[in-house]
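This is what each chain is made of:
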Amino acid sequence: MNSPLRFQHGMVAPLIALFVGVVGFPLGYAAYLSITDYKLTDRGAPTFVGTDNFVATFGDTGFWNAFATTAIYVVVAVGLELVIGLALALALQKQRWARDLTRSMLLAPMFITPIAVGLTFRFLLNDQLGAIPAMLSSVGIEYDFFGPGKALLTLALIDVWQWTPFMVLLLLAGLESIPKEPLDAARVDGAGGLYVLRRVTLPLLAPVLVVAILLRSLDAMKVFEYVFATTRGGPGTETETLQYFIYQTGIQFFRMGSAASMAFVVLVVVLGIIVVAFRRLDRTRTAEGRTR
């Protein structure tokens with residue numbers, strides 16, 4: 001009776017050990033640092049401060065400004081990726097020739113490391129050396145992509161360039177999994193393309209849309225490489241995102257205890273977003289099941 005159970009536990013044990021080593025220990029150590037005043041320049045043991053770091057985090061205007069900057073970045077980037085990705089997915093679904101070639105070319109940007117993408121656009125968009133500002137200047141258009149009021153939008157557009165293919169991939173898979181019967185029935189009844197999209201395709205695609213938006217939003221909240229490679233949080237603090245702000249606090253200013261507490265606040269917010277999103281998704285599925 002116990003041998004199958006022991007076998008199952010034995011099979012799971014390496015995975016649990018790997019999880020504890022890769023995730024559990026760093027998370028536990030970060031939790032320990034978050035309740036101490038540990039600094040990278042300290043030689044002795046850190047002093048226990050309890051919840052002081054968390055209280056300071058909640059009262060830190062710089063942290064909340066970085067949080068607001070990150071939220072704006074996520075809304076702009078993911079919103080554009082959703083619209084462009086849906087349009088491209090609908091177009092690719094109807095494509096009849098060179099489908100594999102088109103899709104492979106379209107997915108290429110997401111396989112480039114983000115730091116390389118950031119450095120590439122840093123030089124392409126530089127107002128003194130960049131090729132794109134030079135081309136615009138030749139036709140009388142002067143535009144500083146990393147200037148005040150423009151830098152955050154530029155970073156969002158870089159994210160759109162690299163990660164719209166990921167959105168296309170998810171939405172295209174969702175579109176191809178939609179049953180054909182409702183679409184054919186709507187067309188037989190004389191419904192136009194826009195009506196079919198709004199009333200049939202999008203409702204059936206809703207679960208995939210929720211998952212795609214959630215995955216891209218969580219990933220976009222981690223933006224660091226673009227900021228580090230291009231603006232370093234400038235001009236001023238206009239592009240100072242959460243990850244870059246935590247990096248500055250912990251690495252540049254050596255306050256690892258404060259940085260750890262900020263990271264845990266972000267972790268709680270992210271977990272809250274995930275819970276709310278999946279609960280709404282479950283309610284939507286339950287409501288659809290009752291109507292059927």
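Some remarks on the packing of aromatic side chains
Throughout the structure, instances matching the rule amount to 13 aromatic pairs. Here the aromatic rings of Tyr143 and Phe145 are separated by 4.8 Å at their centres, their planes lie at 70°, and the arrangement is edge-to-face. For Tyr143, a relative accessible area of 30% corresponds to the partly exposed category. Within the aromatic cluster, the residues linked to one another by ring pairs are Phe58, Phe63, Trp64, Phe67 and Phe245.

Observations concerning the nonpolar core
With 48 residues, the main nonpolar core has Phe63, Tyr73, Leu171, Leu205 and Tyr226 as its most contacted residues. The set of elements that each furnish at least two residues to this core consists of helix 3 (61-94), helix 5 (114-124), helix 7 (151-177), helix 8 (180-188), helix 9 (193-220), helix 10 (225-229), helix 11 (242-252) and helix 12 (256-291). No other element matches helix 7, which puts ten residues into this core. Excluding residues that lie within four positions of it along the chain, Phe63 makes contacts with Thr57, Leu242, Phe245, Met262, Val265 and Val266.

Quick look at a nonpolar patch on the surface
Among the surface-exposed residues, Met11, Val12, Leu15, Ile16, Leu18, Phe19, Val20, Val22, Val23, Leu27, Leu267 and Leu271 lie close enough to one another that they form a single nonpolar patch of about 1,100 Å² accessible area. Elements with a contribution of two residues or more to the nonpolar patch: helix 1 (2-34) and helix 12. Looking at which element gives the most residues to the nonpolar patch, the answer is helix 1, with ten residues. Taking the relative accessible area as the measure of exposure, Val20 reaches 46% and is therefore partly exposed.

Parameters at a glance
- Residues numbered from 1 in each chain as written.
- Predicted model: local features only at pLDDT ≥ 70, side-chain atom pairs only at ≥ 80, totals over all residues.
- Heavy atoms only, no water.
- Phe/Tyr/Trp six-rings, centres within 6.5 Å; stacked < 30°, edge-to-face > 60°.
- Buried < 20%, exposed > 50% of the residue type's maximum accessible area, 1.4 Å probe, protein only.
- Core = buried A, V, L, I, M, F, W, Y, C linked by side-chain atoms within 4.5 Å.
- Helix = DSSP H or I, 4+ residues; strand = E, 2+ residues; numbered from the N terminus.
- Contact = heavy atoms within 4.5 Å.
- Patch = residues over 30% accessible without salt bridge, like charges linked within 9 Å, V, L, I, M, F, W, Y side chains within 5 Å.
- Areas by Shrake-Rupley, 256 points an atom, 1.4 Å probe, with all protein chains shown as cover.
- Salt bridge = Lys/Arg side-chain N within 4 Å of Asp/Glu carboxyl O.

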